[in-house]
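Observations on chain architecture
Residues per chain are reported as follows:
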Amino acid sequence: MQEQQASRLLSRYIKHYESKTKRSKQLFEHASSIIPSGTSHNIRYFEPYPFFARMASGKYIYDVDGNAYTDYWMGHWSLILGHSPKVVVDVLRERSVEGTIFGTVNEHVLRLAELISKLMPRGEMLRFTNTGSEATMYAVRLARAYTGKRMIAKMEGGWHGFNTDLMHSVNYPFHMPEGKGILEEELRYVVALPFNDIHGSISILDMVRDDLACIIVEPLLGGAGCIPGDRDYLHALQEYARKSGALFILDEIVTGFRLSLHGAQHIYSLDPDLFTLGKIVGGGLPIGVVCGLKEVMRLADARGKTKGDWVSIGGGTYSENPLSMSAGVAVLEYLTRNPYIYSRLEMLGDEARRSIDKVMNEHGIRVKSTGIGSLFLTHFLKHGVEDVRSARDVAMCSIEMQRLYHFALLSMYDIFFLPNKLGAISIEHDNIDIRRLIDASERIASDIAFS
Ligand SMILES: Cc1ncc(COP(=O)(O)O)c(C=O)c1O
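About the cut-offs
- Residues numbered from 1 in each chain as written.
- Predicted model: local features only at pLDDT ≥ 70, side-chain atom pairs only at ≥ 80, totals over all residues.
- Heavy atoms only, no water.
- Helix = DSSP H or I, 4+ residues; strand = E, 2+ residues; numbered from the N terminus.
- Rg over C-alpha atoms; globule rule 2.2 N^0.38 Å.
- Buried < 20%, exposed > 50% of the residue type's maximum accessible area, 1.4 Å probe, protein only.
- Contact = heavy atoms within 4.5 Å.
- Areas by Shrake-Rupley, 256 points an atom, 1.4 Å probe, with all protein chains shown as cover.
- Arc of directions from axis to C-beta.
- Phe/Tyr/Trp six-rings, centres within 6.5 Å; stacked < 30°, edge-to-face > 60°.
- Domains from an automatic or database assignment.
- Buried area = accessible area lost by both parts, 1.4 Å probe.
- 1 Å grid on protein atoms, 1.4 Å probe; cavity = no way out; pocket = protein on both sides within 12 Å on 5 of 7 lines; lining within 4 Å.
- Points joined across faces, edges and corners; volume = space filled by probe spheres on them.
- Nonpolar A, V, L, I, M, F, W, Y, C, P; charged D, E, K, R; others polar.
- Salt bridge = Lys/Arg side-chain N within 4 Å of Asp/Glu carboxyl O.

**Some words on the overall build of the chain**
The helix and strand tally for the chain stands at 15 helices and 16 strands. Taking 22 Å as the expected radius of gyration for a compact globule of 451 residues, we find that the chain reaches 22 Å, a close match to that expectation. In terms of overall dimensions, the chain has a C-alpha envelope of 70 × 55 × 45 Å along the principal axes. Residues counted as buried form 55% of the 451 residues belonging to the chain. In the chain, of all internal contacts separated by at least 6 residues, the share reaching a separation of at least 24 is 70%. Carbon and sulfur atoms make up 52% of the accessible area of the chain, which amounts to about 19900 Å² in all.

Shown next, in the form of structure tokens:
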């Protein structure tokens, strides 16, 4: 489609969006005057402005203008049980009157730790943080401490949160800095590998092998485009880490309890030395967890040691707060009682991937929906791009068409994907929702094809 046609179509969608989100527009203008870009998380901004949420329940998110959207963003993919599930609301109601932060040890922490460790046995020990960014920061710190080496290998497009060590090669073009304020020197000990490319990755790893502390990888590249790792590729990375004396770290902040009750590590038969969790494990409240083998995690035990002999990881004022811990327990217990939900979510995900591609392709629009289980994202293939297997491939697809598609879903059909981000299906979604999504995609495809 010509750029001019796309922009004409976008103007139509924007006009419609603006007509139904007037209050959001006013609020966003005000927000922009006191919060840079109007939000504390840049990805939440999209043009012309994001709607202001008022409340959310089940699969719906409601805005201040009275619109109800079927939500596939689902709180940054945290809400596998949908918004405000009863099991979480009930426990929070009870807990919140008992205290929101104790600032000391409590049994809710132990309960969640035991559950995680039981469901993911590579997590022999673990520590809680408030965010996923902290968990990955601590995981690489632990790896450096354990190995006595400096280099971190991550993926091109790999997103592990805002910590300095890992804010490297996240967005295309990968050789450019991610932003100001991060010094080149700070990234001297980080290399980026081409995802799903064994030979390309090994040739880079060979250059840093002697000083390699860890390889950190998302089993499914999330923020970079919902791209599943190949089994062989992930195993090759694990094996390389083993042979070179480095640690293998799996970032399961998106995939943990999302792809299976036992994580992607179970699906892929991987044995990470360390892994990180977040999102689902907090039941919709702030959390991060760094987990791993005892011999590594024990380095965090400061008892009886003198300064400099332990690794400072974990914690923060709100870490182990009884609300996040109890919400996490409620969700994990629910998932444990209902393990069949995963096959149902996968069926819905498969249907979305297959049928969106079908209706788009029937209108002559070349797309490829990627993902596994309940996670999916539709990429618009440019001339010469046949498949989407890495963040580089994603960069070669049409980001503009993807944005147009997601924005059209929001504006014209009340279906919310954060533009350019993957969608997540929760147990609240059903066949009818997926059918509506496919029908809407077909109508958008027809708009595009005839514009
Ligand atoms: C794979 C992965 N790791 C880490 C993070 C950072 O987690 P948080 O946003 O809780 O800091 C994210 C966030 O989206 C993520 O997707």
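Now, onward.
**Here we look at helix H4 (residues 86-96)**
Where H4 is concerned, the buried positions are Val88, Val91 and Arg95. With its buried residues spanning 75° around the axis, H4 presents them on a single face. Along H4, the residues that are exposed and aim more than 90 degrees away from the buried face are Lys86 and Arg93.

**Points about the packing of aromatic side chains**
Describing an aromatic ring pair means giving the distance of the ring centres and the angle of the ring planes. Scanning the entire structure with this criterion turns up 16 aromatic pairs. Measuring from centroid to centroid gives 5.1 Å for Tyr17 and Phe407, while their planes differ by 70°, and the two rings are edge-to-face. Of the two residues, Tyr17 sits in helix H1 (residues 3-20) while Phe407 sits in helix H14 (residues 399-413), which places them 390 residues apart along the sequence. The exposure class assigned to Tyr17 is buried, which follows from its relative accessible area of 0%. Exposure remark for Phe407: the relative accessible area of 2% places this residue in the buried category.

**Examining the domain arrangement of the chain**
Domain boundaries assigned for the chain yield domain 1 (3-83 + 340-450) and domain 2 (86-337). Placing a centre on the C-alpha atoms of domain 1 and another on those of domain 2 gives a separation of 27 Å. On the side of domain 2, 31 residues touch domain 1, which itself brings 30 residues to the contact. Between domain 1 and domain 2, roughly 2600 Å² of surface is buried when both sides are summed, and carbon and sulfur atoms account for 66% of that area.

**Digging into empty space enclosed by the protein**
A full pass over the atoms with the stated rule returns 2 cavities of 30 Å³ or more. Estimated volume of the largest cavity: approximately 40 Å³. Partitioned by chemical class, the residues of the lining of the largest cavity number 6 nonpolar, 4 polar and no charged. When residues of the lining of the largest cavity are assigned to domains, at least three map to each of domain 1 (3-83 + 340-450) and domain 2 (86-337).

**What to know about the pattern of salt bridges**
For the structure shown, the criterion picks out 22 salt bridges. Of the charged contacts, one joins Asp387 and Lys368 as a salt bridge, the two residues approaching to 3.8 Å between their closest N and O atoms. Taken together, the residues span a long stretch of sequence, with Asp387 in the loop between strand S14 (375-380) and helix H13 (391-395) and Lys368 in strand S13 (residues 367-370) at a distance of 19 residues. Take Lys368: its relative accessible area is 31%, and that puts it in the partly exposed class. Salt bridges here are not isolated pairs; linked through shared partners, they connect Lys59, Asp430 and Asp433.

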